[in-house]
Amino acid sequence: MFEKVLIANRGEIALRIHRACREMGIRTVAVHSTADAAAMHVRLADESVCIGPPAARDSYLNVAAILSAATITGADAIHPGLGFLAEDADFAATVEEHGLTFVGPAPEHIRLMGNKVAAKNAVRRLGIPTVPGSPGGVRDLATADAAASTIGYPVLIKASAGGGGRGMKVARDRSELAQMLPIAQNEASSFFGCGEVYLERHLERPRHIEIQILGDGEGAIVHLGERDCSLQRSHQKVLEESPSPALNTAERNRLGELAVAALRELGYKSLGTLEFLYQDGEFFFIEMNTRLQVEHPVTEMVSGLDLVREQLRIAAGAPLGYRQSDVKLCGHAIECRINAESPDSFAPSPGRITDYHAPGGLGVRVDSALYQGYMVPPYYDSLVSKLVVQGKSRNECLMRLRRALEEYVIGGIETTIPLHQRLVGAGEFIDGDYDIHWLERFVRRPG
Ligand code: MV4
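Residues numbered from 1 in each chain as written. Predicted model: local features only at pLDDT ≥ 70, side-chain atom pairs only at ≥ 80, totals over all residues. Heavy atoms only, no water.

Asks: What is the right way to read the site of the ligand from this model?
Replies: Surveying the vicinity of the ligand reveals 18 residues, the closest of which are Lys158, Glu200, Arg201, Leu203 and Glu287. Between Arg201 and the ligand, the recorded distance is 2.7 Å, taken from a backbone N or O atom to a nitrogen atom. Between the ligand and Glu287, the relevant distance is 3.0 Å, taken from a nitrogen atom to a side-chain nitrogen or oxygen of the residue. Every element with two or more residues in the shell around the ligand is listed here: strand 6 (155-159), strand 8 (197-201), strand 12 (269-279) and strand 13 (282-289). Of the residues that constitute the shell around the ligand, the class distribution is seven nonpolar, six polar and five charged. (Near = heavy atom within 4 Å. Polar contact = N/O pair within 3.5 Å; in protein donor to acceptor, adjacent residues only side chain to side chain. Helix = DSSP H or I, 4+ residues; strand = E, 2+ residues; numbered from the N terminus. Nonpolar A, V, L, I, M, F, W, Y, C, P; charged D, E, K, R; others polar.)

Asks: Can you walk me through the sheet that holds strand 14 (residues 332-339) in this structure?
Replies: Two strands in a sheet stick together by hydrogen bonds in their backbones, pointing the same way (parallel) or opposite ways (antiparallel). Strand order in the open sheet formed by eight strands is 13-12-9-10-11-14-19-17, with antiparallel pairing between adjacent strands. For this open sheet the edge positions go to strand 13 and strand 17 (364-368), each flanked by a neighbour on one side alone. Each strand axis lies, on average, 25° off the axis of its neighbour in the sheet, ignoring direction. Where strand 10 (residues 221-233) meets strand 11 (residues 236-242), four bridges bridge the pair, whose relative direction is antiparallel. (Pairing = 2+ DSSP bridges. Axes fitted to C-alpha atoms, helices over the stretch in contact; angles between N-to-C directions.)

Asks: Would you take a moment to explain helix 4 (residues 89-97) for this structure?
Replies: Residues separated by three or four positions in an α-helix point in the same direction, a consequence of the helix having 3.6 residues per turn. Residues of helix 4 that are buried: Ala89, Phe91, Ala92 and Val95. One side of helix 4 carries all its buried residues, which in axial view fall inside an arc of 165°. Elements that come into contact with the buried residues of helix 4 comprise helix 3 (63-73), strand 4 (77-79), strand 5 (101-102) and helix 5 (107-114). At the N-terminal end of helix 4, a side-chain oxygen is found 3.0 Å from the backbone nitrogen of Asp90, two or three residues along, and the residue is Asp88. (Buried < 20%, exposed > 50% of the residue type's maximum accessible area, 1.4 Å probe, protein only. Arc of directions from axis to C-beta. Contact = heavy atoms within 4.5 Å.)

Asks: Looking at this model, I keep getting lost on the sheet that holds strand 6. Mind explaining?
Replies: Pairing is antiparallel in the open sheet, where three strands are placed in the order 7-6-8. Only two strands of the sheet have a single neighbouring strand rather than two, namely strand 7 (169-171) and strand 8. Sheet twist, expressed as the average angle between the axes of neighbouring strands with direction ignored, equals 30°. Two strands pair when backbone bridges link them, and strand 6 and strand 7 are joined in this way by three bridges, in the antiparallel orientation. Bridge pairing in strand 7 links Ile157 to Lys169. Most of the contacts of helix 8 (residues 174-192) go to strand 7, to which it runs at about 165°, and overall it touches strand 6, strand 7 and strand 8.

Following this line, the structure appears as structure tokens:
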């Protein structure tokens, strides 16, 4: 096992990784920007190195500074966390070239899944249903319109190097396609540094269901059930749950078995998530994430596995050590993402935490790097806490979640706790009756 791991991240996820390392007897190195000198991940780590000024490009994305920090502290592995460098195949390769271990998949798998067209074609060949779309990138209107006619309008124009929904455009007919294609191409090059776009049939009201995979790259690979991530606004997930209220055991097993077979064939190593749109009883693959995800705790709560420990074990060359039949998914878990934002306008609300009291009790988990007196900096993602609740049934989970949300005190800044309090009382949410568009309308309803 590693002796020392450098955590190339910040906030709650850096703390989460630190905790797994601690339990495994691994020493930790925190890296931080000047804005994060007093952050909890820095305070708890065995060692810390300041890697630059507040702007992420100069600190958490500064590859040279991070590698220097790893070298001077004698770390033997780098955990990238999520966001920042977690899905940068070049970074993963550079880490390995420096004789360090990258805690994550092989660089070639990160690279493959980073190109959305290549990813779709690869998984389709491995037996996974994908959204009908153009066979490759589309450059000009003639190619695009021919593809759209085969697919059937409305179509969605997506960036090949994209993901997360930025720059997507809907076209309902040829004239909208003519109008939107150049806009989408321009946005793709400015957002992602690659102007290639592709087309997909636009699914109008799907759910977003993703399946968690864990493999050792040597043939041992399991799925850990799904997460329903349909509750989002502006392409930011707000609440995730497992299992999905929309799936039955047969559907879950079918999807899990397809995903496992495909990734075994690929020789996939480490954690990974296959994202699907689910509509009218059918699954369509859209993208794969090759990293630990924000919402991993809901899977941990139903599976009983520590996903970061598993990631570290596998990166260190250990075999998975269990089979699908050993994986037992129990009960129900829900995660509420708590952001430092106005619950009404969603305007960022950085500032000093004046009061802090986290909920506790049976089945309640809080992943947060907040503490009383901490200053939430304005430079980064506004996620400040994840409240994760588990119960034997979805109803028990909801009862516990309402109670935990009532107990949670975060004073001095605005947070989205009041939005979650409203959400857990909404009839459609209680019934599990929602798609990817439902929350956008709900947040505009008068409270
Ligand atoms: C789609 C779609 C409808 N049809 N693809 C948005 C994020 C990116 N990962 C994929 N996204 C979508 N792709 C087809 N063919 C609708 C979305 C989408 C969405 C997906 C998941 C969760 C929330 C969403 C919100 C708006 C649009």
